[in-house]
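This is what each chain is made of:
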Amino acid sequence: MLILGGGIAGLTAALVLNRLGISVELLEKTGALGGTARNFCCKATDICRQCGACLVNDTLRALTLAALAEAPPLAVRLESELTEINREAKEFLYSYCGPEGAGEGRAEALLLATGFTPFRAEEKPQYGYGRLPNVLTGLDLEKQIKETGQVLRPSDHQPPQSIAFIQCVGSRDLHLGHPFCSQVCCGYALRMASLIRHRKPETAVTIFYMDIQNFGKDFPRFLEEARRQLRFIRAIPGDIRGGENDRLVLTYQQEDGLPSQKETFDLVVLSIGLMPGADLIGLSQKINLPLNADGFLAQKGSRFSLSPSEGVFFAGTVSGPKSIARSVSQAQQASEELVQFLKERGRS
């Protein structure tokens, strides 16, 4: 069978299916497995914060071992993209292009796990991303902490004394045509902020938000703890201006009818949302897949098959924003549905 996408959902599905004795070929268009989540840092403080970052490395190690086994075959093709796919009788005929050249294959079923595209912060020019050096995205900060173990201002490589997180950048935004919630932004911002305070308690951290979305089974306890060490302001800043020493001046209005306020920070982190995958429209046209109003794959009911009689399945953020843990769970469920599909076709 064929899996498109080598993020956490595609990797999980490949492992589950391989362990059940099913031959798998996985195509990943980039040069590395793990998707966006491979750049996430661990957010554990004195305890595990259940951010899911470790799941990526654990899954990659397990996949490597599975790929080295002789049977059943598990082939991973990096820098490879689907160029053509057609339905013939009970199989998909497909070709891909990549470093190894062009090739063709056959698959009884197809699992889509092509993931999401991070919102481009440049599309909110009022926040100065790419122009003001000390405005970062959440992904920038994840990568910085993973690679260096520190939080530093890009302008002078000094630790910031004050940090502002701005939530819902790109999502829940009617002006951009993105009314949906990205589900994960509250979780990653609060975990990141708590990690910063744990490592440097003197750092003042402010969260600008619309409302806080529930995440994880320990959410109430975690939020109560976060409120004791973080400052929460229920407002979304209108713009960010550069100040002295590359500091950042935020303008916001906390309550209707009151004058706007200005406040200065050393570093600003934009919690960018999850957008539909850049290649999803083209893929949907190739194999006639339905998209929902937000541009993700349309899921009908609780099943993870788009066309049960034809063998097209999906997992992860290809069908909408979700956490790493939910993506893993969905990939496992989709794999189970796929196996049942193959059994009903007479294959054990």
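Attention here is on the structure that accompanies the text. (Residues numbered from 1 in each chain as written. Predicted model: local features only at pLDDT ≥ 70, side-chain atom pairs only at ≥ 80, totals over all residues. Heavy atoms only, no water.)

A few points about the environment of V339
Assignment of secondary structure puts V339 in helix α7 (residues 324–344). We classify V339 as buried; its relative accessible area is 14%. For V339 and Q261, which are 78 residues apart along the polypeptide, the C-alpha to C-alpha distance reads 57 Å. V339 has contacts with L17, L20 and I22, leaving out every residue within four places of it along the chain. (Helix = DSSP H or I, 4+ residues; strand = E, 2+ residues; numbered from the N terminus. Buried < 20%, exposed > 50% of the residue type's maximum accessible area, 1.4 Å probe, protein only. Contact = heavy atoms within 4.5 Å.)

Thoughts on α7
Look at α7: 30 Å from first C-alpha to last across 21 residues, which is about the 30 Å you get at 1.5 Å a residue. Burial in α7 covers these residues: I324, S327, V328, Q330, A331, A334, S335, E337, L338, V339, F341 and L342. (Expected span 1.5 Å × (residues − 1).)

Topic: the sheet that holds strand β5 (residues 91–97)
In a beta sheet, neighbouring strands pair by backbone hydrogen bonds and run either parallel or antiparallel. The strand order across the open sheet formed by three strands is β4-β5-β6, and the pairing between neighbours is antiparallel. The open sheet has two edge strands with one neighbour each: β4 (81–88) and β6 (103–107). Strand after strand, the sheet turns through a mean of 20 degrees between neighbouring axes, direction not considered. Where β4 meets β5, seven bridges bridge the pair, whose relative direction is antiparallel. In the sheet register, L82 faces β5, and the bridge partner there is Y96. (Pairing = 2+ DSSP bridges. Axes fitted to C-alpha atoms, helices over the stretch in contact; angles between N-to-C directions.)

Things to note about the packing of aromatic side chains
How two aromatic rings sit relative to each other is set out by the distance from centre to centre and by the angle between their planes. In total, this model carries six aromatic pairs according to the counting rule given. Judged by centre distance (5.0 Å) and plane angle (65 degrees), the ring pair of F208 and Y252 falls under edge-to-face. One end of the pair, F208, is in strand β11 (residues 204–208); the other, Y252, is in strand β14 (residues 248–252), with 44 residues separating them in the sequence. Residue classification places Y252 among the buried positions, given a relative accessible area of 4%. Here F313 and F341 contribute two aromatic rings whose centre-to-centre distance is 5.7 Å and whose plane-to-plane angle is 65 degrees, an arrangement assigned as edge-to-face. Of this pair, F313 sits in strand β19 (residues 312–314) while F341 sits in helix α7; the two residues are 28 residues apart in sequence, bridging distant segments of the chain. Side by side, F313 and F341 carry an identical accessibility label, which is buried. (Phe/Tyr/Trp six-rings, centres within 6.5 Å; stacked < 30°, edge-to-face > 60°.)

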